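# Residue-level structure breakdown
Listed below, chain by chain, are the residues.
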Amino acid sequence: TQSLIAFGSGGINGLGLGGSVQKLFYLPEAHNDFVFAIVGEELGLIGVIVVLLTFAVLVQRILTIAASALELGEEFSAYLCYSIALWISAQVFINTGVSMGMLPTKGLTLPLMSAGGSAIMAACLAMGMVLRVNFENHVATLQAGPSKSANKKPNKKSTTEIKDQLSMDDVDLLQSATQESNHV
């Protein structure tokens, strides 16, 4: 009931950052389990919608990366990204449902927002894996050339041809990854 009071007192625009009253010992675990209720109180309905849209865009982007990996024949990478997208979306659904009083309290944190060591570490590790799959997709697409179909094997280009096509940031990342693999 305290989380519903937090949402109600937030209204449309919210009380402002740091203006929450419910986090001052009224709402249990306000820093992790009920952080969404605090967002609703401090940022209002507008902040809640922005947070939910941000998670929707994140999950949609992960699904796009997974579909791209599946097109390139990287089944493990694709299914890894699909599972991370499912995990993130399920955890957001459960946490927001608990915060709004629609589900019983489960103790799940809101990914990438709630305080806590192990939950934030797991979420960051998952995001790192998704970024790596995206990088591998990008490199495989550049190696395959512009007219790659799903059934053809990619023609191998020289490293200099690939580096010419990559942006400078990608070249730096590729060089550091190559140097790290040479040290191992």
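Residues numbered from 1 in each chain as written. Predicted model: local features only at pLDDT ≥ 70, side-chain atom pairs only at ≥ 80, totals over all residues. Heavy atoms only, no water.

Time to look at the overall build of the protein chain. Scanning the protein chain from N- to C-terminus turns up six helices and zero strands. Of the regular secondary structure in the protein chain, the N- to C-terminal order runs α-α-α-α-α-α. Expressed as a percentage of the 184 residues in the protein chain, the buried residues total 34%. In the protein chain, of all internal contacts separated by at least 6 residues, the share reaching a separation of at least 24 is 59%. Accessible surface, the protein chain: about 11000 Å² in total, of which carbon and sulfur atoms supply 64%. (Helix = DSSP H or I, 4+ residues; strand = E, 2+ residues; numbered from the N terminus. Buried < 20%, exposed > 50% of the residue type's maximum accessible area, 1.4 Å probe, protein only. Contact = heavy atoms within 4.5 Å. Areas by Shrake-Rupley, 256 points an atom, 1.4 Å probe, with all protein chains shown as cover.)

This part is about the packing of aromatic side chains. All chains considered together, the criterion is met by two aromatic pairs. Ring centres of Y79 and Y82 lie 6.4 Å apart, and the angle between their planes is 35 degrees; this geometry places the pair in the tilted category. Of this pair, Y79 and Y82 are both found in helix α3 (residues 75–99), three residues apart, which corresponds to roughly one turn of the helix. Residue Y82 is classed as partly exposed on the basis of its relative accessible area, which comes to 30%. (Phe/Tyr/Trp six-rings, centres within 6.5 Å; stacked < 30°, edge-to-face > 60°.)

What follows concerns the packing of α3 against helix α4 (residues 117–144). Two elements in contact, α3 and α4, have axes whose closest approach is 10 Å; the angle formed by their N-to-C orientations is 145 degrees. Crossing hand, α3 versus α4: left-handed. Contact with α3, carried on its side by S77, L80, C81, I84, W87 and I88, involves A122, A123, A126, M127, M129, V130 and V133 of α4 and no other residues of that element. In terms of residue class, the contact of α3 with α4 is built from 12 nonpolar, one polar and no charged. (Axes fitted to C-alpha atoms, helices over the stretch in contact; angles between N-to-C directions. Left-handed = near helix turned anticlockwise from the far one by under 90°. Nonpolar A, V, L, I, M, F, W, Y, C, P; charged D, E, K, R; others polar.)

It is worth spelling out α4 at this point. Residues separated by three or four positions in an α-helix point in the same direction, a consequence of the helix having 3.6 residues per turn. Compared with the 40 Å implied by 1.5 Å per residue over 28 residues, the 41 Å span of α4 between its first and last C-alpha is a close match. Listing the buried residues of α4 in full gives A123, A126, M127, V130, V133, F135, N137, V139, L142 and A144. In the segment just after α4, G145 is the residue with positive phi, at about 90 degrees. (Expected span 1.5 Å × (residues − 1).)

In this section: the pattern of salt bridges. Across all of its chains, the model carries one salt bridge by this definition. With a shortest N-O distance of 2.5 Å, R132 and E136 are connected by a salt bridge. Of this pair, R132 and E136 both sit in helix α4, four residues apart, roughly one helical turn. On the basis of relative accessibility, which here comes to 38%, the residue E136 falls in the partly exposed class. (Salt bridge = Lys/Arg side-chain N within 4 Å of Asp/Glu carboxyl O.)

With that settled, consider the side chain of N137. Mapped onto the secondary structure, N137 falls in helix α4. The contact partners of N137, leaving out residues within four places of it in the chain, are I65, S68, A69 and L72.

Turning next to the confidence of the model for the protein chain. In the predicted model, the protein chain carries a mean pLDDT of 83, and the fraction of residues at 70 or more is 78%. Looking at the elements of the protein chain, mean pLDDT is at its lowest for helix α5 (residues 159–165), recorded as 60, and at its highest for α3, recorded as 95. (pLDDT = per-residue confidence, 0-100.)

All right, on to the side chain of Q91 then. You can see Q91 is positioned in helix α3. Of the polar contacts made by the side chain of Q91, one reaches the backbone oxygen of T109; its length is 3.1 Å. Excluding its chain neighbours within four sequence positions, the residues that come into contact with Q91 are L108, T109 and P111. (Polar contact = N/O pair within 3.5 Å; in protein donor to acceptor, adjacent residues only side chain to side chain.)

Once that is clear, we can look at the environment of L110. Mapping L110 onto the fold places it in the loop between α3 and α4. Residue classification places L110 among the buried positions, given a relative accessible area of 2%. For the pair formed by L110 and D33, sequence separation is 77 residues and the distance between their alpha carbons is 7.1 Å. Those residues within four positions of L110 in sequence are excluded, and the remaining contacts are N32, V35, F36, F55, V92, N95 and T96.

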